[in-house]
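Structure at a glance
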Amino acid sequence: MPVKGNQFKSNSFKEDNEPRQSAKSEKEKYARAKVPKMPTFDLSNGRLVKIVGLFFLILTIFFLVAFTSYLFTWQQDQSYVSPANGGWHNLFKTTQELQDNGIKSPVVENWLGKFGALLSDQFIYEWFGIASFIFVFVFFVIGYRMLFKVRLFSIPRTLGYSFFCIIFLSIFIGFIHAFIGDYPHMLEGGFGYWTNLLLDAQIGQTGTGGILIFAALTVLIIAYNIDFKFPERKIKVSPTGGDLEGATVEVLPADPIELSEEEPSLPVEWPRNTNRATNTNITRPVEPLVQNPIFHEPVVLTPDPANAHEPEFESEIPLTVAVDRPMPILNIEKSDDDKARDLVAQFGAYDPKLDLAKYKYPTLDLLENYGSNKISVNSDELEANKNKIVETLNHYNIEIDKIKATIGPTVTLYEIIPAPGVRISKIKNLEDDIALSLAALGIRIIAPMPGKGTIGIEVPNQNPEMVSMRSVLSTEKWQNNTMDLPIALGKTISNEVFIADLAKMPHLLVAGATGQGKSVGINAILVSLLYKKHPAELKFVLVDPKKVELTLFRKIERHFLAKLPDEADAIITDTKKVVNTLNSLCIEMDQRYDLLKDAQVRNLKEYNAKYVSRKISDPEKHRYLPFIVLIIDEFADLMMTAGKEVEMPIARIAQLARAVGIHLVIATQRPSVNVITGTIKANFPARLAFRVLSKIDSRTILDAGGADQLIGRGDMLMSTGSDLIRLQCAFVDTPEVERISDFIGSQQGYPSAMHLPEYVGEGEASSSSKEYDPDNRDPMFEDAARLIVMHQQGSTSLIQRKMKLGYNRAGRIIDQLEAAGIVGPFEGSKAREVLYPDEYSLERYLETLDKPKG
């Protein structure tokens, strides 16, 4: 008890009050003795944990008694616990009600009564069988740990292993039970019974047994890290050396050598303090030697105890002969960089343009120069528009601190700085009022402008200026750019040339209403690339469902186009051929990834740089890889006619092909979900939107509004994922494209268009009837047949990988194997069926093939 005031008094005061205080303290002690002290109700200090632990131990006893009793009384209690007779609903029913429900014996025999019978039946009969006894073990471990604070086992491991044992034992007992007879499934429980029925129907009893063995071994490996090792082969290495490849080498002591009088005696040394009986096994690590390594080990000499004379020394060891070890001869090869430098010094860097060394790029004279390339917006028009904007805003009590104009070829941007306190949304809502006051089409308000503290109002010019492709390509910005795939799209609203890199986009989606300039935009992209790239560096795959838009580029087939090997026309218009071409591009993509993996590079640019500098170790397997640009003019028509057949290869190319230099340019009117799925659209961060007719279409294309307020005729919005850029597309007319195609087509070209990998469609493969011709049989036909039968997998890729063949040759071998009756027909994505089960039957069949007929 705390003491208030001064605790220490004078001695006189203490003596005067001592009798009074002693009497008072005696009374207080007596009062306290009469009142009993009650314990406080406190769950802190671990009391709650102990209570929970005690509960688990009681639960352990309850479950153990109930489960054990169930093993002896389950037949007598079956009518009571059966779900058909009520199951758990019988728990609170009277005896009369149970008899009314048709239960003959309402008295339960289980040692824990009704609840024990129902609980045991639920766990053992309905669920996991006798594996439910593992729950007793789990509850005991948890309760013992919480009550006595003694750790028997790790609780997380106990729960994990117990869960596996419950599942495994239930299924395993059910698996064994199936062989014994048709008994009630009490031992395995309902889970084990029905799981075995399901597995037996799907994979049979053999498959079920295999899964159980795999699960048991897996858990043993996880628990005990069991190693499955074959005995290591050990060889003895004689002092003269030997072949060490593929074996564990242990140098054992040499056999005893007896010294005779005829042989020259060797210098013998007998060191002191060594026991003669000592076993000296010499184990020496094998050093990596090259060019026939020779091992010189010390020769161990053990004297014959019968004939050898005992030396005068007190202690002895076996004789040793000191032999000098020669230095290994090392073969130091040059590194890859040194070899590459030597090759470059001898032959020079690889030039992919050497085949068409005399190729001339198109000149600017082939293009027309439309207009004067000078903006014809006078100061009166600018002043009038400015005044109308200010007047309209003042009508709604919106004050402006500053306004300035930026003149573009078709649009003038007015940037305003509102007065402090003016809300931006208030100006944004006045879009239609400003368009009404200016009497202009396509007013677009940008509030706020990215990177600026202003609000932009784009107003179309009364006399828009046409942007010609010649005016864009003649600029220094275009001439000096170092992009991989530069495309000149046109000019911005500030009259600057806009150049984008298709290789970094990496795919472009072009959309807009009919007649707003999509086809002209496609032509601008094609012409830009033709002016900048050599035929060895770029190939086009052109898909034109309209059949008339891209036919002008047919003349450059031998220079810039790629096609399937057996196709007559390089510009694809047939839907079925489009599907085959897209799948062929997927094969080309996979082959390129294999080349990149072998060259240990990450993208096409690094691969070509390594190939040109001759740093690739195995150049016979590699080739220079040009960029491939796939252009589809009307994708919606393609999806309506081909649908899912087109969607899968397009999605694969859009997801994976960027690193290997394959890029997509897809044009469509409205990229809705049924035309371009979410998977494809997510891989097109670069969008080019021409004018559309509604805000919904604009949001479908750009995921933002604005395309519905364009003025058409090449006016477009470019979205690169972060912001929108308004452009005026460069105009390329049909005669210009024709002159460029004639100029390129008249020059020396390759013998044919670039051939894409061969792809056989599903229908073509199944319908084609092949006849076996032994005269035209491939030299590796029999080896391929043995490989297919050994692996029991008839696929072109297997022959390609194991026999290191190209795709075309492997495909021809598969066709010959099908014609010879060794493999079955083409089955889509699945491997072909192998018609011979083993190599013996195959060899007998091959002997009959080799015999001449007649």
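Residues numbered from 1 in each chain as written. Predicted model: local features only at pLDDT ≥ 70, side-chain atom pairs only at ≥ 80, totals over all residues. Heavy atoms only, no water.

1. So, the overall build of the protein chain
Tallying secondary structure elements over the protein chain gives 28 helices and 19 strands in all. Within the span of the protein chain, comprising 854 residues, buried residues form 41% of the whole. Sequence separation of 24 or more characterises 67% of the internal contacts of the protein chain that already satisfy a separation of 6 or more. In the form shown here, the protein chain has an accessible surface area of approximately 49500 Å², with 55% of it arising from carbon and sulfur atoms. (Helix = DSSP H or I, 4+ residues; strand = E, 2+ residues; numbered from the N terminus. Buried < 20%, exposed > 50% of the residue type's maximum accessible area, 1.4 Å probe, protein only. Contact = heavy atoms within 4.5 Å. Areas by Shrake-Rupley, 256 points an atom, 1.4 Å probe, with all protein chains shown as cover.)

2. A word on a nonpolar patch on the surface
Taken together, the side chains of Phe-137, Phe-140, Phe-148, Val-150, Leu-152 and Phe-153 define a hydrophobic patch exposed on the protein surface, amounting to about 530 Å² of accessible area. Note on placement: Phe-140 falls in helix 6 (residues 133–148). (Patch = residues over 30% accessible without salt bridge, like charges linked within 9 Å, V, L, I, M, F, W, Y side chains within 5 Å. Salt bridge = Lys/Arg side-chain N within 4 Å of Asp/Glu carboxyl O.)

3. Remarks on the confidence of the model for the protein chain
Here the protein chain averages 78 in pLDDT, and 74% of its residues register 70 or above. Every residue in residues 1–19 scores below 50 in pLDDT, and together they form zero contacts with partners more than four places removed in sequence or on other chains. Considering only residues more than four positions removed or in separate chains, one finds that residues 234–321, a stretch of pLDDT under 50, has 102 contacts. (pLDDT = per-residue confidence, 0-100.)

4. Here we look at the pairing of strand 10 (residues 497–501)
For strand 10, the buried fraction is high: five of the five residues fall into the buried class. A two-sided burial pattern is seen for strand 10, the buried positions comprising Val-497, Ile-499 and Asp-501 on one face and Phe-498 and Ala-500 on the other. Both strand 9 (residues 486–492) and strand 10 contribute to a ladder of five bridges, which runs antiparallel. Bridge assignment links Gly-490 to a residue of strand 10, and that residue is Phe-498. (Pairing = 2+ DSSP bridges.)

5. Things to note about unusual backbone geometry
Residue Pro-506 is bonded to the preceding Met-505 through a cis peptide linkage, with omega at -5°. Here Pro-506 lies in the loop between strand 10 and strand 11 (508–511). Even without being a glycine, Asn-397 presents a positive backbone phi close to 60°. You can see Asn-397 is positioned in the loop between helix 10 (379–395) and strand 5 (400–407). Using a relative accessible area of 67% as the deciding quantity, one classes Asn-397 as exposed. With phi around 55°, Lys-804 is a residue other than glycine that occupies positive phi space. Classification of Lys-804 by relative accessible area gives exposed; the value is 67%.

6. Section: the packing of helix 17 (residues 575–599) against helix 20 (residues 644–656)
Between helix 17 and helix 20, whose axes approach to 9 Å, the crossing angle comes to 30°. Comparing the axis directions of helix 17 and helix 20 gives the class roughly parallel. Handedness of the helix 17/helix 20 crossing: left-handed. Contacts between helix 17 and helix 20 involve Val-579, Leu-582, Asn-583, Leu-585, Cys-586, Met-589, Asp-590 and Tyr-593 on the former and, on the latter, Glu-645, Val-646, Met-648, Pro-649, Ile-650, Arg-652, Ile-653 and Leu-656. Looking at the contact of helix 17 with helix 20 residue by residue, the class counts come to 12 nonpolar, one polar and three charged. (Axes fitted to C-alpha atoms, helices over the stretch in contact; angles between N-to-C directions. Parallel < 35°, antiparallel > 145°, perpendicular 65-115°, else oblique. Left-handed = near helix turned anticlockwise from the far one by under 90°. Nonpolar A, V, L, I, M, F, W, Y, C, P; charged D, E, K, R; others polar.)

7. Some thoughts on the nonpolar core
In this structure, Leu-489, Leu-508, Phe-540 and Phe-635 are the most contacted members of the largest nonpolar core, which totals 106 residues. If you tally residues by element for this core, the top one is helix 17, at nine residues. Excluding its chain neighbours within four sequence positions, the residues that come into contact with Phe-635 are Val-646, Ile-650, Ile-666, Ala-667, Thr-668, Val-675 and Ile-676. Ala-785, Val-789, Ile-822 and Leu-846 belong to the second-largest nonpolar core, a separate cluster that totals 22 residues. (Core = buried A, V, L, I, M, F, W, Y, C linked by side-chain atoms within 4.5 Å.)

8. Points about the pairing of strand 18 (residues 724–729)
Where strand 9 meets strand 18, three bridges bridge the pair, whose relative direction is antiparallel. Directly across from Gly-490, in strand 18, lies its bridge partner Cys-729. By the bridge criterion, five bridges tie strand 17 (residues 715–719) to strand 18 in an arrangement that is antiparallel. Paired with Ser-719 across the strands is Leu-724, a residue of strand 18. What sits between strand 17 and strand 18 in their antiparallel hairpin is a turn of four residues, with Gly-721 showing a positive phi close to 105°.

9. Things to note about the sheet that holds strand 11
Pairing is mixed in the open sheet, where nine strands are placed in the order 10-9-18-17-16-11-15-14-12. For this open sheet the edge positions go to strand 10 and strand 12 (538–543), each flanked by a neighbour on one side alone. Ignoring strand direction, the axes of neighbouring strands in this sheet form an average angle of 30°. In terms of strand pairing, strand 11 meets strand 15 (residues 662–668) through four bridges, oriented parallel. Within the sheet, the bridge partner assigned to Ala-511 lies in strand 15 and is Thr-668. Against the sheet, helix 17 makes contact with strand 12, strand 14 (627–632) and strand 15, and its axis sits at roughly 155° relative to strand 14, the strand it touches most.

10. Quick notes on the side chain of Asn-583
One can find Asn-583 in helix 17. A distance of 2.8 Å separates a polar side-chain atom of Asn-583 from the backbone oxygen of Val-579. Setting aside residues up to four positions removed in sequence, Asn-583 forms contacts with Met-648, Pro-649 and Tyr-759. (Polar contact = N/O pair within 3.5 Å; in protein donor to acceptor, adjacent residues only side chain to side chain.)

11. Observations regarding the side chain of Thr-796
Relative to the helices and strands, Thr-796 is located in helix 26 (residues 796–803). Setting aside residues up to four positions removed in sequence, Thr-796 forms contacts with Tyr-807, Ala-810, Gly-811 and Ile-814.

12. Concerning the pattern of salt bridges
On inspection of all chains with the given rule, the structure shows 27 salt bridges. Of the charged contacts in the structure, one is a salt bridge between Asp-484 and Lys-605, with a shortest N-O distance of 3.7 Å. One end of the pair, Asp-484, is in the loop between helix 14 (476–479) and strand 9; the other, Lys-605, is in helix 18 (residues 604–612), with 121 residues separating them in the sequence. A salt bridge links Arg-786 to Glu-843; its shortest N-O distance comes to 2.5 Å. One end of the pair, Arg-786, is in helix 25 (residues 781–791); the other, Glu-843, is in helix 28 (residues 839–850), and 57 residues separate them in sequence.

13. Quick word on the packing of helix 10 against helix 12 (residues 431–438)
Packing of helix 10 against helix 12 brings their axes to within 10 Å, and their N-to-C directions diverge by 135°. Comparing their axes, helix 12 and helix 10 come out oblique. The crossing of helix 10 and helix 12 is right-handed. On helix 12, the residues touching Asn-385, Lys-388, Ile-389, Thr-392 and Leu-393 of helix 10 are Asp-433, Ile-434, Ser-437 and Leu-438. When grouped by side-chain class, the residues that make up the contact of helix 10 with helix 12 number four nonpolar, three polar and two charged.

14. Description of the packing of aromatic side chains
A complete count under the given rule lists 27 aromatic pairs for this structure. With centroids separated by 5.3 Å and ring planes inclined at 70°, the aromatic side chains of Phe-63 and Phe-67 adopt a geometry described as edge-to-face. On the criterion of helical spacing, the pair formed by Phe-63 and Phe-67 is a turn pair, its members being four residues apart in helix 2 (residues 47–73). For the pair Phe-63 and Phe-67, a shared accessibility class is recorded, and that class is buried. An aromatic cluster is built from Phe-55, Phe-56, Phe-63, Phe-67, Phe-123, Trp-127, Phe-128, Phe-133, Phe-135, Phe-139 and Phe-191, whose rings are joined through pairwise contacts. The cationic tip of Lys-532 hangs over the ring face of Trp-478; the distance from NZ or CZ to the ring centre is 5.5 Å. (Phe/Tyr/Trp six-rings, centres within 6.5 Å; stacked < 30°, edge-to-face > 60°. Lys NZ or Arg CZ within 6 Å of the ring centre and 35° of its normal.)

15. So, the environment of Lys-353
Along the chain, Lys-353 falls in the loop between helix 9 (336–347) and helix 10. In sequence terms Lys-353 and Glu-537 are 184 residues apart; their C-alpha atoms lie 8.1 Å from each other. Excluding residues within four positions of it along the chain, Lys-353 makes contact with Tyr-361, His-534, Ala-536 and Glu-537.

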